[in-house]
Amino acid sequence: MFDYDTYPDLEDGTVAPDEMTIAPQNNFTSILVLRELESHAIFTTDGQSADLASVAVGSGDDRETYSPGLMFMRKQTGSDRRFGKSLQRDLLDIECTMQVNGMCQDCVECILFGSAASDDADQALSITSRVMYDTAYTLRDATVAIDEKFQNAPGDDYAKEAEATIREPDFFEPGTLFPAVITLRDATPAELAFVLGITAKNKRYGAATSRLGRVKNHILGVYTGSEEGPANLGLTRDVIRRLRDDEATTPETIQDVITESAHDPELVGDHLRQAFEERIDADRGGLDIERVPAETVNDLTAAATGDDLADVLKTQREASRAFRDQSKEE
Amino acid sequence: MQSALEVTLRTQGEIWFASREVGRLADTEPYFLNTALYYAFGLASGRYVDRLFEPTYLDDTADVADKVYVTPATPTEGVTNRITSTYNTSTGDYATINYSAQDDPNEGRNLPSYGRRRVLGHGNELRCYVFGRGIDTDELRAELPGYVRLGKKRGKARVDTAPLAVDHGTGEYELGHAIGAYDSDQTPVGNLITKQMRPTPLIAQGAYDGPHVVLSNPTSEPEKRDTSDSSVKLPADVQFLRRKR
């Protein structure tokens, strides 16, 4: 469906479906995303407090250490995998779930995102993930990006017993932005389209996703090459510095940027894209990474978010199985 | 022709692997063994699909072992940024049964659904040395990527390299950087500190007697080079899993 005659830009950084090899090669695709919270969200690992880090940003006189809130890599992988599985159930009737040890190891999602073990004793198989996520950091300090909210679950009886129904979990505020990169290694164009589709369509992350955690993923660009691109941490630092230096914005110091009441997602998106591209040029004297033209990305995303996805997945499934079964011949 | 690089790995997010598992707690030691670094640097290639469940270090590094030696990475500073967190896997099903411990059908099977782990956070700095035989410094530098993925969930780390000068020496010397326990035929003569790690133990410190290489800052004049204690000395025969080959 996606061949290199139509999309020559993808030849570097992806592999053809019939050339998938079980020994890793250096074909990398980076999807640059800005995740924007459109509602409150809960990202915790203990059920109560948000995960925080301590990050130094800026240099010289204007240097700060701030505490960004974190969107752990697993919060992103978990949600995207569940969404990918449900897409497959809709489109291809594949009954594969996120049950630990219960993965089918036979669908596009399992073979792309990996699966360490299955219930099937006859098929001892471990598949390494070819999609890599990175913990994402808020641009603003936790003091402004996170709010504790008092919750009480009183029930509606007139007479009640005294019960411990009160808790105060940390909520990330709507409008919070997370610069993020998703990296694919040795993926086919169809697998890239699948991940783009998931990224474009998945809108729920974190805990209590049936009520909270609405996220808008702005896909800012796709980059291909023979190596990994910059990491979220460095990009987030760069965006903060760039927002400070931007003449069009009011913040003048790092402190102003990290305590700002809100940032414009579009402006942040522009800065993030430029920060990514600047780092490609600057890191180690230039990383071997090229931007994929927007038309190609739009085509892939359109295929993955439209009716064509079933066909894309069907074709890819054959290639994925052949890829997996290569290991039998060893 | 011999060449060497000082390689600094700066973690960009959490990196974890289980150095030790105590019940539901998994702990990550701040060391990257060279068994992992060969793959991370792209010097050796593993397999996406595994049916053997056996390590294949020797086969995977057969082509590169004579050419390049990578030491394990150890923290540059004593203090490292570690994060302890709880994990909880969720299946995505609308309804799940929460069995009591008495009638859990998966009792006795290792199906980790929740637990705690102590991981390496961002901002940790670890150092390793890459030593090349028959390969010049620029070539060696070009072999290494700008970013690598490490650990069970593939955490990201930035790679910075600095060239080093290589000199030769013989006689008694102190090991300048940790090596794998099977990486040299030379036997330590004293002052030995080892660290038990899987899959290979580390020799963190040791006095040796024999031919060695001295890796030092290349900016100084050859005769003025700091070949004293602050330079890094490695056994001359050092090679990845040498004793296992």
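Note: the structure precedes this text.
Residues numbered from 1 in each chain as written. Chains lettered and ligands numbered in written order. Predicted model: local features only at pLDDT ≥ 70, side-chain atom pairs only at ≥ 80, totals over all residues. Heavy atoms only, no water.

Caption draft 1: Local environment of the overall build of chain B. Scanning chain B for helices and strands turns up three helices and 17 strands. Viewed in the frame of its principal axes, chain B has a C-alpha envelope of about 75 × 35 × 35 Å. Counting only residues that meet the buried cut, chain B has 47% of its 245 residues in that class. Carbon together with sulfur atoms contributes 45% to the accessible area of chain B, which is approximately 12100 Å² in total. With 29 positive and 33 negative side-chain charges, chain B shows a separation of 6 Å between the mean positions of the two kinds. (Helix = DSSP H or I, 4+ residues; strand = E, 2+ residues; numbered from the N terminus. Buried < 20%, exposed > 50% of the residue type's maximum accessible area, 1.4 Å probe, protein only. Areas by Shrake-Rupley, 256 points an atom, 1.4 Å probe, with all protein chains shown as cover. Lys, Arg positive; Asp, Glu negative; His and termini not counted. Charge placed at Lys NZ, Arg CZ, Asp CG, Glu CD.)

Caption draft 2: The overall build of chain A, seen in detail. Along chain A, the regular secondary structure elements total nine helices and 14 strands. In terms of overall dimensions, chain A is globule-like: its C-alpha atoms have a radius of gyration of 21 Å, near the 20 Å expected for 330 residues. Structurally, chain A occupies a C-alpha span of about 60 × 60 × 35 Å along its principal axes. The proportion of buried residues among the 330 residues of chain A is 54%. Look at the contacts in chain A between residues 6 or more apart in sequence, and 73% of them connect residues 24 or more apart. If you sum the accessible surface of chain A, you get close to 14000 Å²; carbon and sulfur atoms cover 43% of it. (Rg over C-alpha atoms; globule rule 2.2 N^0.38 Å. Contact = heavy atoms within 4.5 Å.)

Caption draft 3: Representation of helix α4 (residues 189-201) of chain A within the structure. Residue and element names in this part refer to chain A. For α4, built from 13 residues, the straight-helix expectation of 18 Å at 1.5 Å per residue is met to within 8% by its first-to-last C-alpha distance of 18 Å. Burial of α4 is extensive: 11 of the 13 residues sit out of reach of the surface. What α4 keeps buried is the set P189, A190, E191, L192, A193, F194, V195, L196, G197, I198 and T199. (Expected span 1.5 Å × (residues − 1).)

Caption draft 4: Up close: unusual backbone geometry. Each neighbour pair has its own omega, and for R198(B) with P199(B) the value is 5°, a cis peptide bond. Here P199(B) shows up in the loop between β14 (190-195) and β15 (202-209). Phi is positive for D93(A), which is not a glycine, with a value near 60°. Inspection of the secondary structure assignment puts D93(A) in the loop between α1 (73-92) and α2 (108-113). Assessed through its relative accessible area of 64%, D93(A) is described here as exposed.

Caption draft 5: Focus on the pairing of strand β7 (residues 82-88) of chain B. Residue and element names in this part refer to chain B. Side-chain alternation along β7 places I83, S85 and Y87 on a buried face and R82, T84, T86 and N88 on a face that remains uncovered. Of the pairings in the sheet, the one linking β7 to strand β8 (residues 114-120) comprises seven bridges and is antiparallel in character. Note that in β8 the partner of T86 across the bridge is R116. (Pairing = 2+ DSSP bridges.)

Caption draft 6: Structural view of the environment of M98(A). Residue and element names in this part refer to chain A. The residue M98 is located in the loop between α1 and α2 in this model. For M98, a relative accessible area of 13% puts it in the buried group. Through-space distance from the C-alpha of M98 to that of F323 is 22 Å; in sequence the pair is 225 residues apart.

Caption draft 7: Focus on the pattern of salt bridges. Here the structure, examined in full by the defined rule, presents 35 salt bridges over all chains. In this structure, the salt-bridge partner of R321(A) is E318(A), at a minimum N-O distance of 4.0 Å. Within this pair, R321(A) and its partner E318(A) are both found in helix α9 (residues 309-325), separated by three residues, close to a single helical turn. Each of D106(A), R317(A), E318(A), R321(A), R324(A), D325(A), K328(A) and R51(B) takes part in one network of salt bridges that share partners. (Salt bridge = Lys/Arg side-chain N within 4 Å of Asp/Glu carboxyl O.)

Caption draft 8: Expanded view of the nonpolar core. Within the largest apolar cluster, 45 residues are counted, with the highest numbers of intra-cluster contacts made by F41(B) and L215(B). The biggest single contributor to this core is strand β9 (residues 125-133) of chain B, with five residues. If we ignore the near neighbours within four places in the chain, the residues touching L215(B) are A4(B), Y129(B), F131(B), L164(B), A165(B), V166(B), S231(B), V232(B) and L234(B). With 40 residues, the next largest nonpolar core counts V108(A), V131(A), Y133(A) and V292(A) among its residues. (Core = buried A, V, L, I, M, F, W, Y, C linked by side-chain atoms within 4.5 Å.)

Caption draft 9: Main features of the packing of aromatic side chains. Overall, the coordinates contain 10 aromatic pairs over all chains when judged by the stated rule. With centroids separated by 6.0 Å and ring planes inclined at 55°, the aromatic side chains of F2(A) and Y7(A) adopt a geometry described as tilted. Here Y7(A) falls in the buried class, since its relative accessible area comes to 10%. Taken together, a centroid distance of 4.5 Å and an interplanar angle of 40° make the contact between Y223(A) and F276(A) tilted. Placement of Y223(A) in strand β13 (residues 215-225) and of F276(A) in helix α7 (residues 265-282) is noted, with a sequence separation of 53 residues between them. A single burial state applies to Y223(A) and to F276(A), both of which are buried. One aromatic cluster in this structure is built from F43(A), F172(A) and F178(A). In this structure, K156(B) packs its charged tip against the face of Y147(B), placed 5.5 Å from the ring centre. (Phe/Tyr/Trp six-rings, centres within 6.5 Å; stacked < 30°, edge-to-face > 60°. Lys NZ or Arg CZ within 6 Å of the ring centre and 35° of its normal.)

Caption draft 10: A look at the pairing of strand β3 (residues 62-66) of chain A. All names here are of chain A. Of the strand pairs in this sheet, strand β2 (residues 55-59) and β3 are connected by five bridges, and their pairing is antiparallel. By the bridge assignment, S59 is partnered in β3 with D62. The antiparallel pairing of β2 with β3 creates a hairpin that spans two residues between the two strands, and G60 there sits at a positive phi of about 65°.

Caption draft 11: Representation of the sheet that holds strand β14 (residues 289-291) of chain A within the structure. Residue and element names in this part refer to chain A. As summarised here, the arrangement of the five strands in space is β6-β12-β1-β13-β14, forming an open sheet in which the pairing is antiparallel. Edge positions in the sheet fall to β6 (131-132) and β14, since each has one partner strand and no second. Relative to the sheet, α7 contacts β1 (28-37), β12 (177-185), β13 and β14, its axis offset from that of β1 by approximately 155°. (Axes fitted to C-alpha atoms, helices over the stretch in contact; angles between N-to-C directions.)

Caption draft 12: Inspection of the sheet that holds β7(B) at higher detail. Residue and element names in this part refer to chain B. Overall, mixed pairing links the four strands, which are arranged β2-β3-β8-β7 in an open sheet. On the outer flanks of this sheet lie β2 (20-22) and β7, each paired with one strand and no other. Taking each pair of neighbouring strands and ignoring which way they run, the sheet shows an average axis angle of 20°.

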